[in-house]
Amino acid sequence: MQLADHFNEFLRTTVNLGQVKLDLLDTRVEAIYRALKADEEIGSLVLGKIPQGSWAHRTIIDPVGGTEFDADVMLLMAENPDWSQSPKTYIEEVYAALHRHSIYKDMPHSRKCRCVRLVYSNSMHVDIVPYVMLVDGREVIVNRDEDTWENTNSQGFSTWMRTQDQIAQGNLRKVIRLMKFLRDHKGSFTGTRSVILTTLLGNQVHAYKKFSDPGYYRDVPTALLHIVADLDTYLQANEIKPSVADPSGSGLTFDHRWEQNTYSYFRDRIHKHAAEIHDAYHAEDKDTSLRLWQNLFGPEFKAPVSATSGSKFPAAATTVTAVARPGRAG
């Protein structure tokens, strides 16, 4: 059985990152931006900030066991001709600006390949990604390891995500959160990066699927059934790791973000989950269906409180945590 109300409750109470944490993230990112904007050395180059990744795409989930969650923000910076021979200077200078700040200098911060990471104790870390629009028209971020530019498309990924989610009748983002829950909380297909999982799931969504079945994505369990089954079909036809193109239109791929052994494990796990979802969805008996869904997602998958208590008052409408802003997984 579909148990769509159970899915809505499960997303609301267990999977989604809560609004309090999202508000805290907003506040902290704004404070970081103001600090960098006020810095005497690089402040004049700081032009704006753009949330990206799972935060921007509304696919962020509550972390395992209350551990810290992460969020990415692109820091729009003006091109500095003096740094043209060494793009990694942008990361070095953002790192130095945090190091000069009265508060952030005492917080853990480090330089990564494409960002500067600032860590808040026991709650979250923020990855600050310098983002530059070059005079030749290219949108780029920095690869510090190789000291080179990487093309990006700050709007393209968001546009693609919005389009695919609309085709899936607003259920793609929820399916992505559920699959990330299986990866992070149930230890399934560990090693598969979020941007790859998101792209592969999103690539399975097609408008033509609704020609013969208008309800193909009609609710969360039905969208989950079909998107994961279609992904399984794609993966089973590709024993060797296929190339995963960045759907933003940047011309890049995400191929460097996983290996053949990671892919093979992911392929096997999705095959197993597709069968589990099929059996739970098509079980005719409600108790059997609930048991099978709980075997997959755990005991937190259960009926809404109002449904179990028999209250005459309906449960509040499902709240989908949302940060409707443009961005791109990095």
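Look up a bit, the structure's there.
To start, this report covers the structure provided alongside it. Keep in mind that this is a model prediction, so the values were computed, not measured.

**Remarks on the packing of helix 6 (residues 172-185) against helix 7 (residues 194-203)**
Okay, so step 1: Here helix 6 crosses helix 7 at 135 degrees, and the two axes come no closer than 10 Å. Taken together, the axes of helix 6 and helix 7 lie oblique to each other. The interaxial crossing formed by helix 6 with helix 7 has right-handed handedness. On helix 7, the residues touching Leu 172, Ile 176, Met 179, Lys 180 and Arg 183 of helix 6 are Ser 194, Leu 197, Thr 198, Leu 201 and Gly 202.
Okay, so step 2: For the contact of helix 6 with helix 7, the class distribution of residues is five nonpolar, three polar and two charged.

**Let's talk about unusual backbone geometry**
Okay, so step 1: In the Ramachandran plot, Arg 58 falls in the positive-phi region, its phi being about 60 degrees despite a non-glycine side chain.
Okay, so step 2: Secondary-structure assignment places Arg 58 in the loop between helix 3 (53-57) and strand 2 (69-77).
Okay, so step 3: At Asp 147, a position not held by glycine, the phi torsion is positive, near 50 degrees.
Okay, so step 4: Accessibility expressed as a relative area gives 25% for Asp 147, which makes it partly exposed.

**A word on the pattern of salt bridges**
Okay, so step 1: On inspection of all chains with the given rule, the structure shows 15 salt bridges.
Okay, so step 2: Among the ionic pairs, Glu 30 bridges to Arg 34, the shortest N-O distance being 3.9 Å. Of this pair, Glu 30 and Arg 34 both sit in helix 2 (residues 19-38), separated by four residues, roughly a single helical turn.
Okay, so step 3: Residue class for Glu 30 comes out partly exposed when judged on its relative accessible area of 28%.
Okay, so step 4: Residue class for Arg 34 comes out partly exposed when judged on its relative accessible area of 49%.
Okay, so step 5: Within the structure, one salt-bridge network assembled from shared partners comprises Glu 30, Arg 34 and Lys 49.

**What to know about the environment of Ser 289**
Okay, so step 1: Looking at the element boundaries, Ser 289 is found in helix 11 (residues 286-297).
Okay, so step 2: Given the relative accessible area of 0%, Ser 289 is considered buried.
Okay, so step 3: When the C-alpha atoms of Ser 289 and Met 1 are compared, they prove to be 5.6 Å apart, with 288 residues separating the residues in sequence.
Okay, so step 4: Those residues in contact with Ser 289 that lie beyond four places of it in its chain are Met 1, Leu 3, Ala 280 and Ala 283.

**A look at the environment of Met 107**
Okay, so step 1: Following the sequence through the fold, Met 107 ends up in the loop between helix 4 (89-100) and strand 3 (109-111).
Okay, so step 2: It is 6.6 Å that separates the C-alpha atoms of Met 107 and Val 119, two residues lying twelve residues apart in sequence.
Okay, so step 3: Non-local contacts of Met 107, meaning those with residues more than four positions away in its chain, are made with Leu 118, Val 119 and Tyr 120.

**Comments concerning the nonpolar core**
Okay, so step 1: Residues Leu 178, Met 179, Leu 224, Phe 266, Trp 293 and Phe 297 are the most contacted members of the largest nonpolar core, which totals 49 residues.
Okay, so step 2: Residue assignment for this core shows that the elements contributing at least two residues are helix 1 (4-15), helix 5 (156-167), helix 6, helix 7, helix 9 (220-236), helix 10 (260-282) and helix 11.
Okay, so step 3: Sort the elements by how many residues they give to this core and helix 9 lands first, with eight residues.
Okay, so step 4: For Phe 297, the residues in contact, after removing those within four places along its chain, are Phe 7, Phe 10, Leu 178, Phe 181, Leu 182, Lys 186 and Leu 224.
Okay, so step 5: Among the nonpolar cores identified, the runner-up in size contains 38 residues, and Ile 32, Tyr 104, Leu 118 and Val 140 belong to it.

Rules behind the numbers
Residues numbered from 1 in each chain as written. Predicted model: local features only at pLDDT ≥ 70, side-chain atom pairs only at ≥ 80, totals over all residues. Heavy atoms only, no water. Axes fitted to C-alpha atoms, helices over the stretch in contact; angles between N-to-C directions. Helix = DSSP H or I, 4+ residues; strand = E, 2+ residues; numbered from the N terminus. Parallel < 35°, antiparallel > 145°, perpendicular 65-115°, else oblique. Left-handed = near helix turned anticlockwise from the far one by under 90°. Contact = heavy atoms within 4.5 Å. Nonpolar A, V, L, I, M, F, W, Y, C, P; charged D, E, K, R; others polar. Buried < 20%, exposed > 50% of the residue type's maximum accessible area, 1.4 Å probe, protein only. Salt bridge = Lys/Arg side-chain N within 4 Å of Asp/Glu carboxyl O. Core = buried A, V, L, I, M, F, W, Y, C linked by side-chain atoms within 4.5 Å.

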